[in-house]
Amino acid sequence: MKPLRHVFSAAALATLATALVPAHAQGVIKIGEVNSYKAQPAFLEPYKKGMELAVEEINAKGGINGKKVELITRDDNANPGDAVRVAEELVAREKIDVLTGTFLSNTGLAVADFAKQKKFFFLAGEPLTDKMTWQGGNEYTFRLRPGTYMQAAMLVPEAVKLNKKRWAIVYPNYEYGQSAVAAFKNLLKAAQPDVEFVVEQATPLGKVDAGAVAQALGDAKPDAIFNVLFGADLSKFVREGNTRGLFKDRAVVSVLTGEPEYLDPLKDEAPNGWLVTGYPWYGIQTPEHKAFFLAYHGKYKDYPRLGSVVGYSMIKSVAAGITKAKSTETPKLVAAFKGLQVDTPFGKITYRPEDHQSTMGAFVGKTKNEGGKGVMVDYVYLDGAKFQPSAADVKKARAAQ
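Just so it is clear, the model here is predicted, and its values are computed rather than measured.

Asker: I tried to follow the pattern of salt bridges on my own but got confused; where do I start?
Answerer: Any two side chains of opposite charge can pair, so long as their charged atoms come close to each other. Counted according to the given criterion, the structure contains 24 salt bridges. Linking Arg 352 and Asp 355 is a salt bridge whose minimum nitrogen-to-oxygen distance equals 2.7 Å. Here Arg 352 and Asp 355 have matching classes, each one buried.

Asker: What should I look at first to understand the pairing of strand S11 (residues 341–344) in this one?
Answerer: The side chains of a regular strand alternate between the sheet's two faces. With burial as the criterion, only one face of S11 is covered, namely that bearing Val 342 and Thr 344; the residues Gln 341 and Asp 343 on the opposite face remain uncovered. When S11 meets strand S12 (residues 347–350), the two strands line up antiparallel, connected through four bridges. In the strand pairing of S12, Thr 344 is matched with Gly 347.

Asker: Please clarify how the confidence of the model for the protein chain should be interpreted in this entry.
Answerer: In regions of low pLDDT, the predicted coordinates are not meant to be interpreted in detail. Chain-level statistics for the protein chain give a pLDDT mean of 92 and a share of 93% at 70 or above. When the criterion is pLDDT under 50, residues 1–25 qualifies, and its contacts beyond four places in sequence or with other chains add up to seven contacts.

Asker: I would appreciate a short explanation of unusual backbone geometry in the present structure.
Answerer: When glycine is set aside, most residues are seen to have a negative phi, and most peptide bonds are trans. For Ala 78, which is not glycine, the phi torsion reads 55 degrees and is therefore positive. Tracing the backbone shows Ala 78 in the loop between strand S2 (68–75) and helix H3 (80–92). A positive phi is found at Lys 267, a non-glycine position, where the angle reads about 50 degrees.

What counts, and at which threshold
- Note that residues are indexed from 1 along each chain, following the sequence as it is written.
- Reporting of local features is limited, given that this is a predicted model, to residues whose pLDDT is at least 70; pairs of side-chain atoms are given and counted only at 80 or more, and all residues count toward the totals for whole chains, interfaces and linings.
- Hydrogens and waters are ignored; side-chain quantities use all the structure's heavy atoms.
- When a carboxyl oxygen of Asp or Glu is within 4 Å of a side-chain nitrogen of Lys or Arg, the pair counts as a salt bridge.
- Throughout this description, buried means an accessible area under 20% of the type-specific maximum (1.4 Å probe, protein chains only), exposed means over 50%, and partly exposed covers the range between.
- Numbering goes from the N terminus for both helices and strands, where a helix is a DSSP run of H or I of at least four residues and a strand is a run of E of at least two.
- By definition, two strands form a pair when at least two bridges between them are found by DSSP.
- What pLDDT conveys is the predictor's confidence in a given residue, as a value from 0 to 100.
- The criterion used for residue contact is that any of the two residues' heavy atoms lie within 4.5 Å.

In structure tokens form, the structure reads like this:
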């Protein structure tokens with residue numbers, strides 16, 4: 001019989017050896033994810049469910065390259081500094097293999113810069129500023145959702161058909177809002193040179209003074225309004241606008257408003273006839289979306305929101321990239337993502353080599369108040385590949401940073 005001290009020594013050595021083996025060598029791929037869960041729950045609670053569904057499906061099929069997937073999430077308090085701090089924690093302490101996430105454009109840009117400095121792969125799911133992949137794009141950052149330029153480019157052709165000359169603009173005064181307004185104004189002016197922008201209201205994110213904003217827009221007597229507000233700010237703006245008759249006989253073009261995260265809370269205040277981008281989950285009949293819907297509803301007994309699609313597609317993108325790279329090493333992942341094709345609930349998308357932007361598109365249609373609930377009608381899915389700047393323009397923008 002061995003002396004007892006030898007038994008303890010062997011056990012201690014075994015424990016130490018296990019602790020020293022990297023997580024991925026034990027058969028686990030760690031996906032780290034940073035987001036503003038407490039600040040933006042309407043979008044990010046369904047988003048997290050979408051991620052978890054994707055992880056469950058991937059692991060049920062044997063994982064990625066034979067390794068199980070583990071998702072580790074952190075809240076960034078909707079603050080760029082906190083976002084970088086928790087990203088650092090995920091990389092240094094949790095030893096994640098891939099960094100993903102962010103919602104707000106300012107936090108997204110902060111994490112993208114962190115990825116650049118640390119030379120660590122980062123897939124941004126949601127932040128929409130064009131600086132993510134164009135003016136401020138870097139080698140290590142990729143983005144899933146169509147950005148502000150792409151969404152504006154989808155809306156402008158319909159806005160031109162309205163034949164309105166005098167436009168008012170309202171937006172949250174931070175990176176996303178500023179980026180969306182710049183894209184819309186440039187594209188509309190190019191398509192309709194005689195257009196005038198008669199008033200702008202830039203509001204603090206999450207703190208809109210909706211009554212004053214609605215009054216200022218109405219006083220300018222515009223023919224049409226371009227709205228970039230979302231979430232609680234949107235609800236307050238719609239309520240005050242309805243009360244003051246701001247939208248009566250006036251065209252409104254609105255980014256994101258057709259997403260159920262933002263349209264559903266409006267209930268019987270939902271506007272009629274707004275031209276919007278969004279997600280009419282109730283009417284999409286493609287096989288890939290039906291499969292996603294049934295899986296999501298089966299797991300959560302609820303319908304998906306756009307966040308659900310983004311979270312799900314982001315994790316599926318990571319899985320496709322690692323599978324193609326046969327590695328989680330950043331240089332190999334970056335190479336694999338350039339031109340990577342991924343199957344999503346919206347169909348196949350591609351991450352463009354020149355700017356790392358995916359070709360995911362969006363639905364464009366009109367809002368309708370249907371029995372006290374807002375829905376999208378007359379909608380069509382627009383392929384993001386048709387609404388992106390040319391490779392030459394991208395190269396020029398990225399070189400100028």
